[in-house]
Amino acid sequence: MAQESSRPPRAARSLVLRFFAGLAALLDGTRRLLLNLLMLALIVGALAWLWQRWWHSPALAEKTTLVLELSGGIVDQARGGSARSQALAQLRGQGEAQMRLRDVLAVLDTAARDDKVTQALLLLDGLEGTGLATLREVAAALERFRATGKKVVAWGAEYNQRQYYLAAHADEVWLHPMGLVFIEGYGRYRSYYKDAFDRLGVSANVVRAGKFKNAAETYAASGPSAETVESDRALYGSLWASWIGGVERARKLPAGSVMNYVDGIPGSLQAVGGDAAQLGLKSKLVDALKTRDEMRKTLIERGAEDAKNKTFRQVSFGEYLARVEPQKGTSKSETIAVVVAQGEIVDGRAGPGLVGGLSTAEQIRKAREAEDVKAIILRVNSPGGSAFGSELVRRELELARAAGKPVVVSMGDLAASGGYWISMAADEIIADEATITGSIGVVGMIPSAEDALAKVGVRSAGTTTTWLAGAMDVKRNPDPRLVATVQSAIDHAYGHFVGMVARERKLAREQVDAVAQGRVWSGKDARARALVDRLGSWGDAVAAAQKRAKLAEGTVARLRYFEAEPGRLQKLLMGFGLREAAAAKVDARVAWLLDDSAAEAGMAAQAAQAAGMVATVGLGLVSPELAAALVADLGWLGEVAQRRRPFATATHCLCGAP
């Protein structure tokens with residue numbers, strides 16, 4: 001018999017070999033990972049060091065011009081989220097879609113005290129989507145800059161109404177010889193869908209409380225109601241008076257000059273041979289007509305030349321913002337919390353640019369529980385939305401006051417309906433005269449398309465255990481009992497809304513009901529009806545919070561914003577001494593280099609393309625503007641149908657800052 005081999009079986013040898021091979025691969029992978037992490041850390045550190053040196057050196061030279069190029073909308077909170085997201089957009093060449101009001105004010109106020117900055121150039125061609133209340137804040141900052149003896153010059157290829165309001169607050173307004181000043185006034189035309197819905201067999205079934213609550217009127221009527229006409233005329237008239245007054249005072253024009261310019265355009269334009277730029281000059285709306293190179297030459301003469309770049313010595317808004325030191329106050333242990341409520345109010349959590357009932361309430365709770373916070377400012381710029389989400393925010397403010405922390409509300413362009421709901425629990429409400437507020441009313445809808453489906457031969461049938469099962473199915477017309485039930489819920493919500501306003505504002509319920517009814521008011525008119533405490537700016541709100549915080553004499557608390565936290569890399573860079581704006585840009589560049597946002601950018605582009613295709617196919621061969629307007633109008637109706645919540649109520653004005 002043959003002798004058995006002492007070697008282990010082949011299967012065992014294979015197992016051992018695989019084990020050691022796997023171990024070697026693990027060690028090699030770990031080595032590569034550690035080396036890559038080390039390399040990444042070195043790259044980030046080098047970028048931070050280089051960025052820090054570049055940002056702080058060299059210092060500003062004498063006779064530097066601050067170039068304030070305002071692009072996109074000026075908002076309280078950028079919808080793109082953090083400064084990192086805004087910086088990423090810049091690196092992709094997309095520019096900043098939005099600028100924060102606090103940044104614009106900080107740059108102007110800091111530059112006003114900076115001896116190196118001797119003048120400012122205001123470039124407004126890219127400014128859009130900014131309400132009058134915000135424009136008035138920026139205009140006031142321009143006036144503060146000028147009060148130090150420094151000049152502000154505005155130059156533009158052309159000026160629309162929004163852009164010209166700021167340009168008018170400069171020492172000089174320059175216009176390109178081929179440009180124009182286009183002033184059109186305030187107002188809008190709505191699209192009314194009832195006749196189209198009747199033909200299609202669709203019904204919005206609008207239920208509301210408040211005769212002026214016209215948020216959903218466009219779905220249920222063929223034209224504006226008498227109440228809508230009355231409300232719009234008063235609101236737009238108030239805003240227009242504010243705009244005209246601000247421009248005529250800033251330009252030192254006789255009263256009525258703006259209306260004479262607008263009303264006389266057909267004849268006066270013909271008199272100057274159709275030259276709109278000459279008309280602006282003749283009407284004293286602009287001081288000089290200059291091309292860009294002429295503008296550059298004049299600023300070199302008034303300031304100093306940058307021989308290397310063959311232009312005037314200058315610093316951009318973004319560069320100067322990174323030099324701005326945060327407001328520190330005189331006390332390290334006492335702060336004023338700022339919570340921003342920007343955008344539509346929704347249930348649950350929401351990112352920047354929206355007001356999440358849970359997430360915004362959580363920020364207020366954190367401010368309430370923070371020992372260093374002595375008062376809270378709620379900055380409101382919202383058209384409203386979910387009544388439940390609004391109540392979550394209002395309740396947290398109520399708890400903050402009960403905990404001994406004063407609450408001041410600062411209203412921006414818009415604080416209407418749910419935006420007013422969340423403002424009620426304040427010790428003091430401060431609005432701008434051009435704020436759009438009020439709209440104390442409630443609306444709901446029960447969309448149905450049974451008749452539309454019947455026209456193409458589609459029927460809906462089934463069996464349910466109760467009359468409520470499937471009651472919100474858009475394939476069926478609503479049961480009258482459902483309509484009555486929803487109306488009861490909305491009447492209750494409206495009564496609750498009015499009662500809270502009466503309690504918080506210390507007014508008779510009948511007095512509140514008379515000025516409520518879903519009607520929107522300008523800040524000036526709201527003050528006359530005791531819906532706000534006084535008219536004022538953001539700075540007035542900060543001063544009010546400082547006073548109510550009852551700090552020691554001479555003590556100034558620093559502002560502490562409670563909002564989304566910066567990313568870990570951005571925190572690390574800030575820990576090495578980089579200011580917030582610079583850290584955000586380094587963070588963004590690292591992310592861009594690592595291409596972690598490529599997928600996001602690609603998906604966004606695909607989504608935009610898909611949206612454009614849907615709009616084109618669904619709406620036919622119409623202009624993009626019309627397609628966008630129709631999609632926006634009908635979007636809310638679709639959302640209501642999708643949610644299928646029969647007892648949900650909306651406190652939304654469906655309005656925006658003109």
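Before reading further, recall that the structure is shown in the block above.
These numbers were taken from a predicted model, which means no experiment stands behind them.

The next subject is a nonpolar patch on the surface. Residues Leu35, Leu38, Met39, Leu42 and Ile43 make up a contiguous nonpolar surface patch of roughly 490 Å² in combined accessible area. Assignment of secondary structure puts Leu35 in helix H1 (residues 10-56).

Moving on to the sheet that holds strand S1 (residues 64-69). Taken together, the six strands give an open sheet; going across it, the order is S8-S6-S5-S4-S1-S11, and neighbouring strands pair in parallel fashion. Unpaired on one side and paired on the other, strand S8 (288-289) and strand S11 (314-316) mark the two borders of the sheet. Bridge count between S1 and S11: three bridges; the pairing is parallel. Looking at S11, one finds that Leu66 is bridged to Val315.

All right, on to the pairing of strand S20 (residues 442-445) then. Burial along S20 is two-sided: Val442 and Gly444 and Val443 and Met445, pointing in opposite directions, are all buried. Strand direction decides the pairing type here: strand S7 (residues 206-209) and S20, joined by four bridges, are antiparallel. Considered in S20, the bridge of Val206 is made with Met445.

The next point concerns the nonpolar core. In globular proteins that are soluble, nonpolar side chains generally tend to be buried together. Counting 81 residues, the largest nonpolar core has Leu70, Tyr164, Leu166 and Trp243 as its most contacted members. Ranked by residue count, the leading element in this core is helix H8 (residues 226-251), at eight residues. Apart from residues lying up to four places away in sequence, Leu70 is in contact with Met99, Val104, Leu122, Leu123, Leu124, Gly126, Leu127 and Leu166. Formed by 54 residues, the second largest nonpolar core is a distinct cluster that contains Ala370, Met424, Met472 and Ala493.

With that settled, consider unusual backbone geometry. At Ala530, a residue that is not glycine, the phi angle is positive and equals roughly 65°. Within the fold, Ala530 resides in the loop between helix H20 (523-528) and strand S22 (534-535). Despite not being glycine, Lys550 has its phi angle at roughly 55°, a positive value. Among the structural elements, Lys550 can be located in the loop between helix H21 (538-548) and strand S23 (557-561).

To continue, consider the pattern of salt bridges. Applying the stated criterion to the full structure yields 32 salt bridges. Taking the shortest distance from any N to any O, the salt bridge between Glu428 and Arg548 comes out at 3.0 Å. Residue Glu428 is located in strand S18 (residues 428-431), and its partner Arg548 is located in helix H21; the two are separated by 120 residues in the primary sequence. Classification of Glu428 by relative accessible area gives buried; the value is 9%. Between Arg505 and Asp533 there is a salt bridge whose closest N-O contact spans 3.1 Å. Of this pair, Arg505 sits in helix H18 (residues 480-505) while Asp533 sits in the loop between H20 and S22; the two residues are 28 residues apart in sequence, bridging distant segments of the chain. Among the charged side chains, a salt-bridge network with shared partners connects Glu391, Arg394, Arg395, Glu398, Arg401, Asp427, Arg503 and Glu504.

The rules we used
Residues numbered from 1 in each chain as written. Predicted model: local features only at pLDDT ≥ 70, side-chain atom pairs only at ≥ 80, totals over all residues. Heavy atoms only, no water. Patch = residues over 30% accessible without salt bridge, like charges linked within 9 Å, V, L, I, M, F, W, Y side chains within 5 Å. Areas by Shrake-Rupley, 256 points an atom, 1.4 Å probe, with all protein chains shown as cover. Salt bridge = Lys/Arg side-chain N within 4 Å of Asp/Glu carboxyl O. Helix = DSSP H or I, 4+ residues; strand = E, 2+ residues; numbered from the N terminus. Pairing = 2+ DSSP bridges. Buried < 20%, exposed > 50% of the residue type's maximum accessible area, 1.4 Å probe, protein only. Core = buried A, V, L, I, M, F, W, Y, C linked by side-chain atoms within 4.5 Å. Contact = heavy atoms within 4.5 Å.

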